[in-house]
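Letter by letter, the chains look like this.
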Amino acid sequence: MNYYSLIKKSPGLISFGFSINFFSCLGQTFYISLFNDSFRSSFSVSHGELASLYGIATILGSFFLLSLGWLLDKIELRTFVFFNSLVVAFSCWLISISNSILLIFLSFFLIRLSGQGLWGLTAQVSMARYFDRDRGLAASIATNGFALGFAIVPIIGAWLIANIDWRTIWLYSSYFVLFIIIPLNFLQLKNQKLREKTYKDKLKSEEESFSGDKLTQVSLKSALRDTKFWLVQPAILAATAIIFSIQFHQLHIIESKSWTIELYASSYIIFSITLLLGSLVAGHIVDRLGSIKLMYCYLLPLIPALFLLGFFKSFIFIFIIMGLTGFSYGMCLVAFITIWAELYGTKFMGEIRTFNFSINVLLTSVVMALTGWLIDMGINLKVLCLGGISFILLSIILLFLSTKKS
């Protein structure tokens, strides 16, 4: 099936995956970090202190995610999305009124848990669960919501920050969630009851027939005992930790390279275009070669990206770096949706993906905070980038070893 046929077959669910990925920009690091100067000025904190505050809030959110993500396996999708969106709206409002470290910490925790965490998880689980043979294509289309977000949100955010008080921006974001996003999601998922019944009937039929696919329906408890489960984790961490660390500390990078924030924000257009291309390529790779092969593909572009970031200062390299990291991120977003369904089935997708999402968020937050402290200590960008390249190479070796496991 091609992209057009897939969209025509399931327009509501596909558009839901696309739009919820786009809206999750509200809780993504690349957007929140645009307000770093405002946060540091308003709350009198350093780069390292803000990164640690943000990182701890994100880590705490990842632990709570472990307690909530499994609900995607139990609760009807529309109900889950509605209540989570209410939390997103409240998070945005709380950021707008925060007047202390405690409140902004709570705000970070809630927006990361609900906006970045549960919204993103919902899109991923939905695409993996309700699409079978076309899972790669569905994941690819949904991922394009991120591509659109990366293309326009940083530019819009930079313009808003330059013209509107940062608290007002977050207040209106809360209204947007309540009056635009929630009604839209209900419209997109109007056939969800029938879709869920069809999915459950399919699982029941497979179990009763003792088909081979039954063996792929592995619980989290069983997956944790699988060596391959752990060998692929560094490859997943490498992409998100490196890309998000670059995004979170983008203002420091801009300053150290003597770039301008307007130029850097405009480069997100390149990021989004290559993210789109990466996701489209990834969809075909998954459906033909599998998710493990895709993981090799998304790690490799990060090596030249980090080398250029560490050793070159010309503004031209902004666009090359953004192009490479965008292509990598586009592919890895598809892999994050498909890898666990491919290895362990979809019946326990909520709990397995939640666990991996939480672990990834936890470790990525640690890396972002550590990077902030290293910056405060005076460690230069060259050393940080060489460290990132070393970790990528180690991840590739472990990924290779995972393919040797039965």
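Up top is the structure.
Note that the structure is a prediction, hence the values are computed from the model and not measured.

### As for the overall build of the chain
Each helix and strand counted, the chain has 21 helices and 0 strands in total. A compact globule built from 406 residues would reach a C-alpha radius of gyration of about 22 Å, and the chain, at 20 Å, matches this within 12%. Along the first, second and third principal axes, the C-alpha atoms of the chain reach 65 × 45 × 40 Å. Split into buried and exposed, the 406 residues of the chain put 58% on the buried side. For the chain, restricting intrachain contacts to residue pairs at least 6 apart in sequence, the fraction spanning at least 24 positions comes to 86%. Accessible surface, the chain: about 16,600 Å² in total, of which carbon and sulfur atoms supply 69%. Where the 30 positive side-chain charges of the chain centre and where its 20 negative ones centre are 4 Å apart.

### Structural notes on a nonpolar patch on the surface
A cluster of nonpolar residues, Phe 83, Leu 86, Tyr 172, Tyr 175, Phe 176, Leu 178, Phe 179 and Ile 180, forms a patch on the protein surface that exposes about 810 Å² of accessible area. Here the element with the most residues in the nonpolar patch is helix α9 (residues 166-188); it accounts for 6 residues. Relative to the assigned elements, Phe 176 resides in helix α9.

### Observations concerning unusual backbone geometry
The phi dihedral of Ser 44 falls on the positive side, at around 55 degrees, and the residue is not glycine. Mapping Ser 44 onto the fold places it in the loop between α4 (36-43) and α5 (47-68). The exposure class assigned to Ser 44 is exposed, which follows from its relative accessible area of 64%. Of note in the backbone geometry, Ser 258 takes a positive phi value of approximately 60 degrees without being a glycine.

### Digging into helix α13 (residues 233-248)
The terminal C-alpha atoms of α13 lie 22 Å apart, and with 16 residues this matches the ideal 22 Å at 1.5 Å per residue to within 8%. The element α13 is largely enclosed, with a buried count of 16 among its 16 residues.

### Section: the side chain of Gln 233
With respect to the helices and strands, Gln 233 occurs in helix α13. Sequence-distant contacts of Gln 233, that is, excluding residues within four places in its chain, are made with Trp 340 and Asn 356.

### Concerning the packing of helix α18 (residues 302-311) against helix α21 (residues 381-402)
Between α18 and α21, the least distance of the axes is 8 Å, while the angle of their chain directions is 170 degrees. The angle between the axes of α18 and α21 places the two elements in the roughly antiparallel class. Here Leu 302, Ile 303, Leu 306, Phe 307, Leu 309, Gly 310 and Phe 311 of α18 lie close against α21, whose contacting residues are Leu 381, Lys 382, Cys 385, Leu 386, Gly 388, Ile 389, Ile 392 and Leu 393. Grouping the constituent residues of the contact of α18 with α21 by class yields 12 nonpolar, 2 polar and 1 charged.

### What to know about the environment of Pro 154
With respect to the element layout, Pro 154 can be found in helix α8 (residues 135-163). Once the C-alpha coordinates of Pro 154 and Gln 233 are considered, the two residues, 79 residues apart in sequence, prove to be 29 Å apart. Ignoring any residue separated from it by four or fewer positions in sequence, one finds Pro 154 in contact with Phe 30, Leu 34, Gly 149, Ala 265 and Tyr 268.

### Thoughts on the pattern of salt bridges
Throughout the structure, instances matching the rule amount to 2 salt bridges. A salt bridge links Arg 40 to Asp 37; the nearest nitrogen and oxygen atoms lie 2.9 Å apart. With Arg 40 and Asp 37 both in helix α4, this residue pair falls 3 residues apart, about one helical turn. By relative accessible area, which is 22% here, Arg 40 ends up partly exposed. Given a relative accessible area of 42%, Asp 37 falls into the partly exposed group. A salt bridge links Glu 76 to Arg 78; its shortest N-O distance comes to 3.0 Å. According to the relative accessible area criterion, Glu 76 is partly exposed, its value standing at 24%.

### Describing the nonpolar core
By size, the foremost hydrophobic cluster in this structure holds 129 residues, and its most contacted members are Phe 39, Trp 170, Met 295 and Tyr 298. In terms of residue count, helix α19 (residues 316-344) provides more of this core than any other element does, 15 residues in total. For Trp 170, the contacting residues outside a window of four places in its chain are Leu 26, Tyr 31, Ile 32, Phe 35, Phe 39, Cys 92, Trp 93, Ile 95 and Ser 96.

### Overview of the packing of aromatic side chains
Within this structure, the stated rule accounts for 31 aromatic pairs. Relative to Trp 170, the ring of Phe 35 lies with its centre 5.3 Å away and its plane at 50 degrees, an arrangement referred to as tilted. Taken together, the residues Phe 35 in the loop between α3 (29-32) and α4 and Trp 170 in helix α9 connect sequence positions 135 residues apart. Taking relative accessible area as the criterion, Phe 35 reaches 0% and is therefore assigned buried. Aromatic pair Tyr 264 and Tyr 268: ring centres 6.0 Å apart, planes at 85 degrees, arrangement edge-to-face. Pair check on accessibility: Tyr 264 and Tyr 268 agree, each one buried. Cluster of aromatic residues (ring-pair linked, three or more members): Tyr 31, Phe 35, Phe 39, Phe 43, Tyr 54, Phe 108, Trp 166, Trp 170 and Phe 248.

### Re the packing of helix α2 (residues 11-23) against α8
Contact geometry of α2 with α8 gives a least axis separation of 7 Å together with a crossing angle of 35 degrees. You can see that α2 and α8 cross each other, and the crossing is right-handed. Residues Ile 14, Gly 17, Phe 18, Asn 21 and Phe 22 of α2 form the contact with α8, whose own contacting residues are Ala 138, Ile 141, Ala 142, Thr 143, Asn 144, Gly 145, Phe 146, Leu 148, Gly 149, Ile 152 and Val 153. Tallied by class, residues from the contact of α2 with α8 come to 10 nonpolar, 6 polar and no charged.

### Concerning the environment of Ile 359
Relative to the helices and strands, Ile 359 resides in helix α20 (residues 349-376). Through-space distance from the C-alpha of Ile 359 to that of Leu 66 is 9.1 Å; in sequence the pair is 293 residues apart.

Reading the values: the criteria
- Residues numbered from 1 in each chain as written.
- Predicted model: local features only at pLDDT ≥ 70, side-chain atom pairs only at ≥ 80, totals over all residues.
- Heavy atoms only, no water.
- Helix = DSSP H or I, 4+ residues; strand = E, 2+ residues; numbered from the N terminus.
- Rg over C-alpha atoms; globule rule 2.2 N^0.38 Å.
- Buried < 20%, exposed > 50% of the residue type's maximum accessible area, 1.4 Å probe, protein only.
- Contact = heavy atoms within 4.5 Å.
- Areas by Shrake-Rupley, 256 points an atom, 1.4 Å probe, with all protein chains shown as cover.
- Lys, Arg positive; Asp, Glu negative; His and termini not counted.
- Charge placed at Lys NZ, Arg CZ, Asp CG, Glu CD.
- Patch = residues over 30% accessible without salt bridge, like charges linked within 9 Å, V, L, I, M, F, W, Y side chains within 5 Å.
- Salt bridge = Lys/Arg side-chain N within 4 Å of Asp/Glu carboxyl O.
- Expected span 1.5 Å × (residues − 1).
- Axes fitted to C-alpha atoms, helices over the stretch in contact; angles between N-to-C directions.
- Parallel < 35°, antiparallel > 145°, perpendicular 65-115°, else oblique.
- Nonpolar A, V, L, I, M, F, W, Y, C, P; charged D, E, K, R; others polar.
- Core = buried A, V, L, I, M, F, W, Y, C linked by side-chain atoms within 4.5 Å.
- Phe/Tyr/Trp six-rings, centres within 6.5 Å; stacked < 30°, edge-to-face > 60°.
- Left-handed = near helix turned anticlockwise from the far one by under 90°.

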